[in-house]
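One-letter residues, chain by chain:
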Amino acid sequence: MTKVIEAAKLYYLLDYNQNEIAKVLGVSRPTVSRLLQQAKSDGIVQIKIMDPTEDIENIAVQLEKKFGLKKAVIASIPQYENHIIKNYLGEKAANYLDEIVKDDDIIGVTWGTTLYHIAIELKQKFVKNVKVVQLKGGVSHAETNTYASEILYLFGKTYNTTPLHLPLPAIVDHVVVKQAMEADRHIRKILELGKQANIALFTIGSIKTDSLLFQLGYFTESDLESLNGKAVGDISSRFFDKNGEICNESLNQRTLGINLDELRKKEYSIVVAGGPNKIEGLYGALKGKYANVLITDQFTAKFLLDKQE
């Protein structure tokens, strides 16, 4: 029996090959083979194969149940770090779009680094009469890049279409300014197309001063105060709390682009987000039923499952 254990340790723990073990134990090679076989049949060696995909499929099903989703797609990431997460989510989201996009679809997109990572991973698809439209204004008051035009260009190229830009800021200073902009027939047409889009693709903005929207110079001091402590995230520059309720109605009234309740009506309302600072926002968005497809990583997925009311 000691030889069985000895052979098993050398083979499985120290990576010795069978010839080397034969020399060490002073036995023939066929004997080593027999000893290793016995180690398995006697239960001394138990081989367990960890298949991460099995676990991921199970987590996806649980998420679909918990939040009433049409689909949950989970990326297996090696490290829980934002720049790594975005690469993996970009690829998963691009693959998912490749599966679902068909002739005559209208795809509404927002902007930001997550959407840019999706855009650069897109695969050319030969579909007819697909339209791509921007769901929220992407003109910034700062030097910070929103990637709005790159995202639209890449989406347009992938689906052989000329994308429609919404050439406006996301948030304006006064409601009357917004009303005047929306009265313009060209702007109205683009906003209308955003409403008609059967596929909406967006991420969750986190409530951190270093997140993109906060760097763009849209907010007054009182705006920031009203969001502080209440808002958990934003979709398309519209801020909501942990239950998915809009946080600041006056700010919401000054925001240009798609209304959150419009997202509930989409055939595919796809949220792509992951990372420690997106968990609260994702949870609020899923509670608010703004998305019916979730694309995230396995760590964020587990946090969402464990999160209680």
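Note: the structure precedes this text.
The rules behind these values
- Residues numbered from 1 in each chain as written.
- Predicted model: local features only at pLDDT ≥ 70, side-chain atom pairs only at ≥ 80, totals over all residues.
- Heavy atoms only, no water.
- Core = buried A, V, L, I, M, F, W, Y, C linked by side-chain atoms within 4.5 Å.
- Buried < 20%, exposed > 50% of the residue type's maximum accessible area, 1.4 Å probe, protein only.
- Helix = DSSP H or I, 4+ residues; strand = E, 2+ residues; numbered from the N terminus.
- Arc of directions from axis to C-beta.
- Contact = heavy atoms within 4.5 Å.
- Polar contact = N/O pair within 3.5 Å; in protein donor to acceptor, adjacent residues only side chain to side chain.
- Pairing = 2+ DSSP bridges.
- Axes fitted to C-alpha atoms, helices over the stretch in contact; angles between N-to-C directions.
- Phe/Tyr/Trp six-rings, centres within 6.5 Å; stacked < 30°, edge-to-face > 60°.
- Right-handed = clockwise from strand over helix to strand, strands pointing away.

## Re the nonpolar core
Inference 1: Counting residues in hydrophobic clusters, the biggest one holds 46 residues, and the most contacted among them are Leu-97, Phe-155 and Ile-270.
Inference 2: Sorting elements by how many residues they give to this core places helix H5 (residues 82-100) first, with 7 residues.

## Quick word on helix H2 (residues 18-25)
Inference 1: Here H2 has its buried residues at Gln-18, Ile-21, Ala-22 and Leu-25. Taken down its axis, H2 places every buried residue within 105 degrees of arc, on the same side.
Inference 2: Buried residues belonging to H2 abut helix H1 (2-13) and helix H3 (29-41).
Inference 3: Structurally, the start of H2 carries an N-cap: the backbone nitrogen of Asn-19 is 3.1 Å from a side-chain oxygen of Asn-17.

## Considering the environment of Tyr-11
Inference 1: Considering the arrangement of structural elements, one finds Tyr-11 in helix H1.
Inference 2: Owing to a relative accessible area of 31%, Tyr-11 belongs among the partly exposed residues under this scheme.
Inference 3: When the C-alpha atoms of Tyr-11 and Thr-161 are compared, they prove to be 59 Å apart, with 150 residues separating the residues in sequence.
Inference 4: In contact with Tyr-11, other than residues within four places in its own chain, are Tyr-16, Gln-18, Ile-21 and Leu-36.

## A look at the sheet that holds strand E7 (residues 268-272)
Inference 1: The strand order across the open sheet formed by 6 strands is E1-E8-E7-E4-E2-E3, and the pairing between neighbours is parallel. Among the strands making up the open sheet, the edge pair consists of strand E1 (71-75) and strand E3 (131-134). Looking at each pair of strands side by side, their axes are set apart by 15 degrees on average, direction ignored.
Inference 2: As judged from the 3 bridges shared by E7 and strand E8 (residues 293-297), these two strands associate in the parallel manner. Pairing of Val-271 across the sheet is with Leu-294, part of E8.
Inference 3: Each of strand E2 (106-109) and E3 touches helix H9 (residues 185-196); the most contacted strand, E3, lies at about 115 degrees to it.

## Things to note about the packing of aromatic side chains
Inference 1: Taken as a whole and assessed by the stated rule, the structure comprises 8 aromatic pairs.
Inference 2: Residues Tyr-96 and Tyr-268 carry aromatic rings whose centres are separated by 6.3 Å and whose planes lie at 75 degrees to one another, so their mutual orientation is edge-to-face. Taken together, the residues Tyr-96 in helix H5 and Tyr-268 in strand E7 connect sequence positions 172 residues apart.
Inference 3: Among the residues examined, Tyr-268 registers a relative accessible area of 15% and is labelled buried.
Inference 4: Site record: aromatic cluster; members linked through ring pairs are Tyr-80, Phe-299 and Phe-303.

## Some details on the pairing of E2
Inference 1: Alternating residues of E2 divide into Ile-106 and Gly-108 and Ile-107 and Val-109, and every residue in both groups is buried.
Inference 2: Remark: the E2/helix H6 (residues 113-121)/E3 crossover connection has right-handed handedness.
Inference 3: The pairing of E2 with strand E4 (residues 199-202) spans 3 bridges and is classified as parallel. When the sheet's bridge partners are listed, Val-109 is paired in E4 with Leu-201.

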